[in-house]
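Each chain is listed here by its residues.
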Amino acid sequence: MSPSNKHIDFHKRTDQVLRGGGNKAIERQMALGKLTARDRIHALLDAGSFHEYDLFVEHRCRDFDMDKKELPGDGVITGTGTIIGHPVCIYAQDFTVAGGSLGLMHARKITKIMDHAIKLGMPIIGINDSGGARIQEGVDSLAGYGEIFYRNTLASGIVPQISVILGPCAGGAVYSPALTDFVFVVDKISKMFITGPEVIKTVLGEEISMEDLGGARVHAEISGNAHFYAPNELECFHQIKKLFTFIPWNNREKAERFPPRPPKPSHDIERVVPMDSRKPYDVRDVICAVCDNSDFFEIHKNWAANIVVGFARFDGETIGVVANQPMVLAGVLDVDSSDKAARFVRFCDAFNIPLVTFVDLPGYLPGVDQEHAGVIRHGAKLLYAFSEATVPKMTVILRKAYGGGYIAMCSRHLGADFVIAWPTAEIAVMGPEGAANIIFRNEIASAADPDAFRKQKVAEYTEKFANPYVAAAAGHIDAVITPKDTRDFLIHAIQIAGHKTESRPVRKHGIPPF
Amino acid sequence: MEKPENLKIIVVGGTTYETRFTKKFERRVPYSPPDPRHVLCVIPGVVRALFVKPGSMVHAHDRLMVIEAMKMENDVLAHRDGIIRNIQVAVGDVVTRGRALMDIESERQGTDE
């Protein structure tokens, strides 16, 4: 072959693979409202930044006439590129090639790019769109999955891992996303479940649609498996790009610092929190009134909304924010909200992102369902995560901080570096009603007018203990600060905690209650 | 070998297995699709105020009632546009989590199952 023929041969081979599963399969993909794997990569990465790996990889299956089948790229596209200048490793399963099914070589392409990411300290983005294991390849296909899960675990806390579910992701395949840090889903396109509707019908006789079982909304609102929900793929990519502005490339770096910007004047911190501690409000208004540009990037927006978590910036620096949400379920801690916040706190700690916690909660949600669902062990996750975190920890008590809830919300006792309270704070062992009922139980029972006596005792208890000064007198909090001084205090605290070091006893790893 | 008692049948991956059930599995409630009309109680508490009557027209996010729970006054908001029907609670009632408080009938007939 002459040199020019070699070039022609190269272009011919390349073009053939780049066509993926062919025009018909691509048309079917588009008809479902889905972009192709290659278009997805180009839409997500900076223009012209994608460098593909392993374009010419072929499957090696010889059973079931598979040796006669060509599967371009073995159904997955892998490579490196940049997102707003940040280098990332990326793979996208190609549903147009054998339904994006995962065989050994398909998996090897993915694990190669993952190894690369771990070694070079680059985030990993996985775009999932696959019918599942390539059954013809048998146990080799399972080996492929296992090798991916193993690397997801090795990469955890080393580089950020992002899963984008843009098609089916069922059976064992769901465990790669589940091991990663952030899962993105898109309305009507994402489907995730371990066992599908047909199996459930056969085994249990329960009928349910695929959408109601494992659609995007289900995972964004009910199961909590998805962190971000978008109405379409392009909006989803926009969310991913925004996330990348807040997080570092790996656990040895800090997130990029942005020029500081004041909160927008429309967010008046003096007017958000009602004095009456029984009145609800949206705690996101507090966050937006103190963070840069009033820009709060919320995670898990529609799941366990009684706690709010997400990223914001203070003086240009990325901060992880955790806040009770009095507007939803009175802001209680429960199974899901503890789980949600604990996971987020561990992400922030792993990636050098300081934590700011806003506290206003009445305690834990009462109920048989909660106790039987294990609120004890799930609630313990949050205590563990806050105690374990060695990044700077700032806590602001806005109003109610009662009992176990007070301890759990990054109190001084769990190692917070700064704890401040607003003058409206009520830091006490429990709410005045409950406390008076216990302390004065006998006196109330024997009083001439028990109701009037109880009310009097509640009022006395409220007067004496429903404030920040008892805790301040004991040194459990560092300062009582007005709402309008809060931003300046937090910026100061973040600055002086910038070089915080905290050493812990040497151990292989802790054993969090999961 | 001793033959285990109380064996039940379970099908996993198309194969039938004999096994025992866990207590939790035995008590599980089969899935039933949620009624799109129901306004569900999300927090256990006491009804403190009702702002609608049967036949009231409401829009999504309108305030329907207040449930006092966990030392807080919690607003219950309409989840969709429609007409209030079948109010099942009154001021002063203790309500449990998950129960239907009232229905919102969609104005477009025939859209509900």
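All values reported here derive from a predicted model rather than from experimental measurement.

Caption draft 1: Examining the interface of chain A and chain B more closely. Contacts between the two partners involve 26 residues from chain A and, on the opposite side, 17 residues from chain B. Taking both sides of the interface into account, the surface hidden between chain A and chain B amounts to around 1,800 Å²; carbon and sulfur atoms contribute 60%. Interface area lost by chain A to chain B is led by Glu206, Arg278 and Leu329 of chain A, which between them contribute 29%. At the junction of chain A and chain B, the tally comes to four salt bridges. Note that Lys279 of chain A is salt-bridged to Glu73 of chain B, the shortest N-O span being 2.6 Å. Taken together, chain A and chain B are joined by five residue pairs in polar contact (both at pLDDT 80 or more).

Caption draft 2: Seen up close, the sheet that holds strand 3 (residues 38-40) of chain B. Read across the open sheet, the four strands follow the order 3-10-8-5 (chain B); overall the sheet is antiparallel. Strands at the two margins of the open sheet, each flanked by one partner only, are strand 3 and strand 5 (57-58) of chain B.

Caption draft 3: The packing of helix 4 (residues 104-120) of chain A against helix 5 (residues 139-155) of chain A, seen in detail. All names here are of chain A. Between helix 4 and helix 5, the shortest axis-to-axis distance is 8 Å and the interhelical angle comes to 15°. In this view, helix 4 runs roughly parallel relative to helix 5, as classed from their interaxial angle. In this structure, helix 4 meets helix 5 at a crossing whose hand is left-handed. Taken together, the residues of helix 5 that come into contact with helix 4 (itself represented by Leu104, Ala107, Arg108, Ile110, Thr111, Met114, Asp115 and Ile118) are Asp140, Ala143, Gly144, Glu147, Ile148, Arg151, Asn152, Leu154 and Ala155. Counted by class, the contact of helix 4 with helix 5 contains nine nonpolar, three polar and five charged residues.

Caption draft 4: Geometry of the pairing of strand 10 (residues 100-105) of chain B. Residue and element names in this part refer to chain B. Of all six residues in strand 10, five are buried, a share of seventy percent or more. Note that strand 3 and strand 10 share three bridges and pair antiparallel. Residue pairing for strand 10: His38 is matched across the bridge by Asp103. Sheet topology note: the strand 8 (residues 82-85)/strand 10 ladder contains three bridges and is antiparallel. Note on strand 10: the bridge partner recorded for Ile83 is Glu105.

Caption draft 5: Expanded view of the side chain of Thr395 of chain A. Among the structural elements, Thr395 of chain A can be located in strand 14 (residues 393-402). Here Cys410 of chain A takes part through its backbone oxygen, which lies 2.5 Å from a polar atom of the side chain of Thr395 of chain A.

Caption draft 6: Layout of empty space enclosed by the protein. All names here are of chain A. Applying the stated criterion to the full structure yields two cavities of 30 Å³ or more. Here the largest cavity is characterised by a volume of approximately 80 Å³. Considering the residues around the largest cavity, the lining is formed by Tyr91, Gln93, Leu102, Ile110, Asn128, Ser130, Tyr145, Ile148, Phe149, Ala173 and Ser176. Listed by contribution, the elements that provide at least two residues to the lining of the largest cavity are strand 3 (86-93) and helix 5. Ranked by the residues each element gives to the lining of the largest cavity, the list is headed by helix 5, at three residues.

About the criteria used
Residues numbered from 1 in each chain as written. Chains lettered and ligands numbered in written order. Predicted model: local features only at pLDDT ≥ 70, side-chain atom pairs only at ≥ 80, totals over all residues. Heavy atoms only, no water. Contact = heavy atoms within 4.5 Å. Buried area = accessible area lost by both parts, 1.4 Å probe. Salt bridge = Lys/Arg side-chain N within 4 Å of Asp/Glu carboxyl O. Polar contact = N/O pair within 3.5 Å; in protein donor to acceptor, adjacent residues only side chain to side chain. Pairing = 2+ DSSP bridges. Helix = DSSP H or I, 4+ residues; strand = E, 2+ residues; numbered from the N terminus. Axes fitted to C-alpha atoms, helices over the stretch in contact; angles between N-to-C directions. Parallel < 35°, antiparallel > 145°, perpendicular 65-115°, else oblique. Left-handed = near helix turned anticlockwise from the far one by under 90°. Nonpolar A, V, L, I, M, F, W, Y, C, P; charged D, E, K, R; others polar. Buried < 20%, exposed > 50% of the residue type's maximum accessible area, 1.4 Å probe, protein only. 1 Å grid on protein atoms, 1.4 Å probe; cavity = no way out; pocket = protein on both sides within 12 Å on 5 of 7 lines; lining within 4 Å. Points joined across faces, edges and corners; volume = space filled by probe spheres on them.

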